[in-house]
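Chain residues, written in single-letter form:
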Amino acid sequence: QVQLVESGGGLVQAGGSLRLSCAASGRMFSNYAMGWFRQAPGKEREWVAAITWNGGSTYYADSVKGRFTISRDNAKNTVYLQMNSLKPEDTAVYYCAAANDPFRASRSHYDYNYWGQGTQVTVSS
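This write-up is about the structure you can find in this document. These figures come from a predicted structure and were not determined experimentally.

## A short note on the packing of aromatic side chains
A full pass over the atoms with the stated rule returns four aromatic pairs. Aromatic pair Tyr32 and Tyr114: ring centres 6.0 Å apart, planes at 85°, arrangement edge-to-face. One end of the pair, Tyr32, is in the loop between β3 (18-26) and β4 (33-39); the other, Tyr114, is in strand β10 (residues 114-115), with 82 residues separating them in the sequence. Judged by relative accessible area, which is 1%, Tyr32 ranks as buried. Relative accessible area serves as the criterion here: at 19%, Tyr114 is assigned to the buried category. Here the aromatic rings of Phe37 and Trp115 are separated by 5.0 Å at their centres, their planes lie at 55°, and the arrangement is tilted. Placement of the pair is Phe37 in strand β4 and Trp115 in strand β10, with a sequence separation of 78 residues. One aromatic cluster in this structure is built from Phe37, Tyr112 and Trp115.

## Quick word on the environment of Ser57
Within the secondary structure, Ser57 is located in the loop between β5 (46-51) and β6 (58-60). Given the relative accessible area of 27%, Ser57 is considered partly exposed. The spacing of Ser57 and Arg38 is 19 residues in sequence and 20 Å in space, taken between C-alpha atoms.

## Focus on the side chain of Arg72
Structurally, the position occupied by Arg72 is in strand β7 (residues 68-73). Of the polar contacts made by the side chain of Arg72, one reaches the backbone oxygen of Tyr32; its length is 2.8 Å. Within polar-contact distance, the side chain of Arg72 engages the backbone oxygen of Trp53 at 3.1 Å.

## What to know about the environment of Leu86
With respect to the helices and strands, Leu86 occurs in the loop between β8 (78-83) and β9 (92-99). Leu86 sits 74 residues away from Val12 along the chain, and the two C-alpha atoms are 8.1 Å apart. Ignoring sequence-local partners within four residues, the contact set of Leu86 consists of Val12, Ala14, Gly15, Gly16, Ser17, Leu18, Arg67, Phe68 and Val123.

## Some words on the sheet that holds strand β1 (residues 2-7)
Whenever strands of a sheet pair, they do so through backbone hydrogen bonds, lying parallel or antiparallel. The sheet built from four strands is open, its strands ordered β1-β3-β8-β7 with antiparallel pairing. Both outer strands of the open sheet, β1 and β7, are each paired with one neighbouring strand and no more. The mean inter-strand angle of the sheet, taken between neighbouring strand axes irrespective of direction, is 15°. In this structure, β7 lies alongside β8, joined through six bridges in antiparallel fashion. In the sheet register, Ile70 faces β8, and the bridge partner there is Leu81.

## A few points about unusual backbone geometry
Here Asn77, not a glycine, exhibits a phi torsion of approximately 55°, which is positive. When you line up the elements, Asn77 lands in the loop between β7 and β8. Residue Asn77 is classed as partly exposed on the basis of its relative accessible area of 29%. At Ser85, a position not held by glycine, the phi torsion is positive, near 50°. Checked against the element boundaries, Ser85 lands in the loop between β8 and β9.

Rules and cut-offs
Residues numbered from 1 in each chain as written. Predicted model: local features only at pLDDT ≥ 70, side-chain atom pairs only at ≥ 80, totals over all residues. Heavy atoms only, no water. Phe/Tyr/Trp six-rings, centres within 6.5 Å; stacked < 30°, edge-to-face > 60°. Helix = DSSP H or I, 4+ residues; strand = E, 2+ residues; numbered from the N terminus. Buried < 20%, exposed > 50% of the residue type's maximum accessible area, 1.4 Å probe, protein only. Polar contact = N/O pair within 3.5 Å; in protein donor to acceptor, adjacent residues only side chain to side chain. Contact = heavy atoms within 4.5 Å. Pairing = 2+ DSSP bridges. Axes fitted to C-alpha atoms, helices over the stretch in contact; angles between N-to-C directions.

Structure below.
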């Protein structure tokens, strides 16, 4: 089992940047593929990005491609989401998630086994 704790959220103006972190504890971090999801008020949870166990493959939703970057540091048991050129529509609670299959950097929340508690990102216009 792994525990996940997100940090780095906050309030930023449109066009600004934030870097989210997700610290993992428990079983070996490199055993997991990792993903970021977000959920805005009144909307379903939306996949944002995913990364395989060693960072060799990364995937992005079309809505964030070219603006967001997912990365991981297995030595620090941490996955990151660098968010640039933020837009008001990026406002949401952001969640990191871990999948037991280290190669399954999936866009489906059903493929993830562990979730963090979320961190709020608010982008003002």
